[in-house]
Amino acid sequence: MGRQVDFPLIFERSVPGRKGVLPPACDVPTQPLAELLGEQNVRLEPPALPEVSELDALRHYTRLSQRNYGIDIGFYPLGSCTMKYNPRINEKVAALSGFTHAHPLQPESLSQGALQLMYELQQDLKAITGFAEVTLQNVAGAHGELLSLMLIKAYHESRGEGQKRKIVLVPDSAHGTNPASAALCGYTVRSIPTNAEGDTDLDALKAALSDEVAAMMLTNPSTLGLFDRNARKACELLHEAGALVFCDGANMNALVGVVRPADIGFDCMHLNLHKTFSTPHGGGGPGAGAVGVSERLVPFLPVPRIVQTSEGRYALSYDHPQSIGRVHAFYGNFLNLVRAHAYLRAYGGENLRTIGEFAVLNANYMLARIRHAFPPAVDRLCMHECVVTAKHYKQQYNVRAFDIAKRLLDYGFHPPTMYFPLIVPECLMIEPTETESKQTIDMFANALLEIAREAMEQPELLHNAPHSTPVRRLDEAGAAKNLILRWQGMVIYPQEVPACAC
Ligand SMILES: *Cc1c(COP(=O)(O)O)cnc(C)c1O
């Protein structure tokens, strides 16, 4: 990022006959491929691969790696994503051969260490969330949402109410995965509005309640970055109506060591170990979830459950007749569980609270620095992230949040989350996390304030941004809808395509 380097694609570097490696002559008898594989399975022409030297190939991959932006390169303020620093001790522990070479079909007697680790992680997450039991089987946040709804469905079915309860309530500020998970689980989704103070609108909730409602999916802190002060009341109302409440706990960062969601009244929640508990993520890499449940959902948890026997050994327990079964092969993404365990042990129980406290302090400091230029969507103390609007720049200077995000690239920063939650116009959602220093937050805030000045004085600078990146503004809708992954001997990235609607 930052420096404009124009280097040819590896295909363009290709010179016929140039070789990267010279393998020794084959000294075993060969058989024509067509005989081995069948005529129809063998290509007539060799594939059109680039012909380059070893040095060209090396430079190609090294340059590509330098074009990546990641948390190890710079600040990553993506709200709702919790891009915190992933301590290297986690990686060291996850790379221990005892963990990497463990086979999921090894007998329990040879897997005691792995089972103990998962058991301890379950115990830690129970203590942090306040729930009666935790499963580690889900491998993403959305997967945890689906798993939670499957548990809720099994609960209603066990009471003979499965047919009747067909509706899941979801706030209008929710992450898109919430309604998607509910729909995937066969539910009809009803949207519940957020009130002017950023809390769940209790009157609208009351009006939506009936004996057809199976559950509500609530996010707390909400995606407005606010603690939903009506969450406890909402749980009471849902319970009175015979329904259960799921908490989207992807953003647990503000609460760790401060609030136990089970105490608010939730029946279940998912945690994103790959956000709050510092497993590297982004780009769809392997995630790890965990789902905590209250007593009434325990019988339905997936099997196998990881338990401690009366002799103090660790075992996989399958004998749970009401279980919904498996939701993943084996036991979840094990090495991510190792990372989360290492992270929690490195902090230690007493220090966990500092995660929540510093996450909230950093987000409020960020907001205090930028609020005169980017007012908050709702003017309250924020939690782990602040949600601000750039709508006045759009109204007065035709500069959108999108343009501001693109201009941030010129300042060397990854942009924050934009246009989410959907209820905030020209929205920027900034989550510094607890691992960033005051100096880094200041640098980012200064860049945003500088860009706000540019928006008023030279709006065209923002309309055409970024200016200093290897690739200029992309046709984002085109890139998503007409994905070209294969080199076809043409320019893949159109230059300076006008901004598209998001
Ligand atoms: C990230 C996130 C999710 C989804 O988590 P995945 O692991 O990406 O499936 C759900 N809800 C919220 C609020 C999130 O921030």
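Residues numbered from 1 in each chain as written. Predicted model: local features only at pLDDT ≥ 70, side-chain atom pairs only at ≥ 80, totals over all residues. Heavy atoms only, no water.

### Comments concerning helix H6 (residues 141-158)
In this model H6 runs 26 Å from its N-terminal to its C-terminal C-alpha over 18 residues, within 8% of the 26 Å that 1.5 Å per residue would give. For H6, the buried fraction is high: 13 of the 18 residues fall into the buried class. Immediately downstream of H6, the backbone of Gly160 shows phi near 75°, a positive value. (Helix = DSSP H or I, 4+ residues; strand = E, 2+ residues; numbered from the N terminus. Expected span 1.5 Å × (residues − 1). Buried < 20%, exposed > 50% of the residue type's maximum accessible area, 1.4 Å probe, protein only.)

### As for the pattern of salt bridges
Tallying each qualifying case throughout the model produces 28 salt bridges. When the shortest N-O distance is used, the salt bridge between Arg88 and Asp72 registers 2.5 Å. On the criterion of sequence distance, the pair formed by Arg88 in helix H3 (residues 88-94) and Asp72 in the loop between helix H2 (54-66) and H3 is long-range, its members being 16 residues apart. Taking the relative accessible area as the measure of exposure, Arg88 reaches 39% and is therefore partly exposed. The exposure class of Asp72 is exposed, given its relative accessible area of 53%. Here Glu133 makes a salt bridge to Lys126, at a shortest N to O gap of 3.6 Å. (Salt bridge = Lys/Arg side-chain N within 4 Å of Asp/Glu carboxyl O.)

### Describing the domain arrangement of the protein
Domain parsing of the protein yields domain 1 (91-347) and domain 2 (353-469). For domain 1 and domain 2, the distance between their C-alpha centres works out to 31 Å. Contact residues are listed per partner, giving 25 residues for domain 1 and 23 residues for domain 2. For the pairing of domain 1 and domain 2, the buried interface totals around 1,900 Å² over both sides, and the portion due to carbon and sulfur atoms is 62%. Taken together, the links from domain 1 to domain 2 amount to one salt bridge. Arg380 is the partner of Asp199 in a salt bridge, and the nearest nitrogen-oxygen pair spans 3.1 Å. Our enumeration of links across domain 1 and domain 2 arrives at six residue pairs in polar contact (both at pLDDT 80 or more). Along the lines of polarity and charge, the residues of the side of domain 1 that touches domain 2 split into 11 nonpolar, 10 polar and four charged. (Domains from an automatic or database assignment. Contact = heavy atoms within 4.5 Å. Buried area = accessible area lost by both parts, 1.4 Å probe. Polar contact = N/O pair within 3.5 Å; in protein donor to acceptor, adjacent residues only side chain to side chain. Nonpolar A, V, L, I, M, F, W, Y, C, P; charged D, E, K, R; others polar.)

### Focus: the site of the ligand
Ser80, Gly141, Asp248, His274 and Lys275 are the nearest of the 13 residues found near the ligand. Here an oxygen atom of the ligand and a backbone polar atom of Gly141 are 2.7 Å apart. Here a nitrogen atom of the ligand and a side-chain polar atom of Asp248 are 2.6 Å apart. Here the ligand has 390 Å² of accessible area as a free molecule, and 86% of this is covered by the chains. At three residues, the largest contribution of residues to the shell around the ligand is made by H6. Of the residues assigned to the shell around the ligand, the class counts are three nonpolar, seven polar and three charged. (Near = heavy atom within 4 Å. Areas by Shrake-Rupley, 256 points an atom, 1.4 Å probe, with all protein chains shown as cover.)

### A word on the packing of H6 against helix H7 (residues 177-184)
Between H6 and H7, whose axes approach to 9 Å, the crossing angle comes to 45°. With respect to each other, H6 and H7 are oriented oblique. Considering the relative orientation of H6 and H7, their crossing is right-handed. The segment H6 lies against H7, with Ala142, Glu145, Leu146 and Leu149 engaging Thr177, Asn178, Ser181, Ala182 and Leu184. For the contact of H6 with H7, the class distribution of residues is five nonpolar, three polar and one charged. (Axes fitted to C-alpha atoms, helices over the stretch in contact; angles between N-to-C directions. Parallel < 35°, antiparallel > 145°, perpendicular 65-115°, else oblique. Left-handed = near helix turned anticlockwise from the far one by under 90°.)

### As for the sheet that holds strand S10 (residues 386-389)
The three strands are arranged S10-S12-S11 in an open sheet whose pairing can be described as antiparallel. Strands at the two margins of the open sheet, each flanked by one partner only, are S10 and strand S11 (417-418). Bridge count for S10 against strand S12 (residues 427-430) is four bridges, and the pairing is antiparallel. Residue pairing in the sheet places Cys386 in a bridge with Ile430 of S12. Packing against the sheet, helix H12 (residues 352-370) makes contact with S10 and S12, and its axis sits at approximately 20° to S10. (Pairing = 2+ DSSP bridges.)

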